Each structure stands twice: as C-alpha cells, then as structure tokens.
Amino acid sequence: MAVRYLEQALIIPDGATTSASGIVAGALGVGLVVPAGLLGTALAPEMSLDGITWLPFFDDDGNALVIVVTAAARFIRLVPQEFAGFGRIRFVSNAAETGGPLTLTLILRAE
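Student: Looking at this model, I keep getting lost on the sheet that holds strand β4 (residues 28-34). Mind explaining?
Tutor: Across the sheet, four strands lie side by side as β1-β10-β4-β8; this open sheet has antiparallel pairing. Strands at the two margins of the open sheet, each flanked by one partner only, are β1 (4-12) and β8 (74-77). Averaged over all pairs of adjacent strands, the angle between strand axes in this sheet comes to 25°, irrespective of strand direction. Across five bridges, the pairing between β4 and strand β10 (residues 102-110) is antiparallel. By the bridge assignment for β10, Gly29 is matched with Leu108.

The following block contains the structure:
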C-alpha cells in the first residue's frame, strides 16, 4: 500500500492561544510546520475523540507533553506513536498570538 502525506492547516485566530483542530483518525502525526511570527515559546497538544472534550497529552511518566519552539519558521518532527489513536488534535500556545491569524501546518502520514 502506498504511503500518503497529508497537510492540515490549524489556524490560531488573532489574539488567541488555541488552534483550530485537525482530524488525525487513521493517520499518524509526523510533523508540524511553525511559521515565522509565533509569539509563544511552547505548544501543548490536546486530543479529543468527539471534538468537544479536549485533553492534554501526557507521557508514560505523567509529564505533560510540550513542544518547545525556540525559533519560529521551522519544521518540528513529531514522534508518530505519540500522535496516534485518537480522533482530533489541536495545539495551545503559551502566549496569545497577535498580529493576525497564524497557521500551523500538521503533517500526517496515512497508509
């Protein structure tokens, strides 16, 4: 079976901290493109099965999963096993993103 890579735009509205959600059911999250202009220094992923109730990610040791963003305009490799097995994902910045909407691009691998 051929491997396909999909892109989903997750927009953080002007003045907000939380992105729109993307559907990951049946695919693996393998990367996140962060554009220039991101004001936050960390992005925390949240998952949902129904698009209503959102839960933060935790690792096996009980630590909250946080993606550190030390410089904007970069591609961040995601560990696929950490981003599988749920329906929807969104990201929460640790700072309000001002200056217009900001688009994170989630890269998914589907087989």
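From this point on, the discussion continues.
Student: I tried to follow the pairing of strand β5 (residues 42-48) on my own but got confused; where do I start?
Tutor: In terms of burial, β5 is largely enclosed, as six of its seven residues are buried. Bridge count for β5 against strand β9 (residues 88-97) is six bridges, and the pairing is antiparallel. Of the residues in β9, the one forming a bridge with Leu43 is Ser93. In this sheet, strand β6 (residues 55-56) lies alongside β5 in antiparallel orientation, the contact comprising two bridges. What sits directly across from Glu46, in β6, is Pro56. Connecting β5 to the antiparallel partner β6 that follows it, the hairpin turn spans six residues, and Gly51 within it adopts a positive phi of roughly 80°.

Student: How do you make sense of the side chain of Ser19 when you look at a structure like this?
Tutor: Residue placement: Ser19 occurs in the loop between β2 (16-18) and β3 (22-23). Its relative accessible area of 5% is what places Ser19 among the buried residues. Those residues in contact with Ser19 that lie beyond four places of it in its chain are Leu10, Ile11, Ile12, Arg90, Phe91 and Leu104.

Student: How should the nonpolar core be read in this particular structure?
Tutor: The nonpolar side chains of soluble globular proteins are, as a tendency, buried together. Counting residues in each nonpolar core, the largest one holds 23 residues, and the members touching the most others are Leu32, Val34, Leu43, Ile89, Phe91, Leu104 and Leu106. Broken down by element, the residue count for this core peaks at five residues, all from β10. Beyond its immediate sequence surroundings of up to four residues, Val34 is in contact with Leu43, Val69, Ala72, Ala73, Arg74, Ile76 and Leu104.

Here is what the cut-offs are and how they apply
Residues numbered from 1 in each chain as written. Predicted model: local features only at pLDDT ≥ 70, side-chain atom pairs only at ≥ 80, totals over all residues. Heavy atoms only, no water. Pairing = 2+ DSSP bridges. Helix = DSSP H or I, 4+ residues; strand = E, 2+ residues; numbered from the N terminus. Axes fitted to C-alpha atoms, helices over the stretch in contact; angles between N-to-C directions. Buried < 20%, exposed > 50% of the residue type's maximum accessible area, 1.4 Å probe, protein only. Contact = heavy atoms within 4.5 Å. Core = buried A, V, L, I, M, F, W, Y, C linked by side-chain atoms within 4.5 Å.

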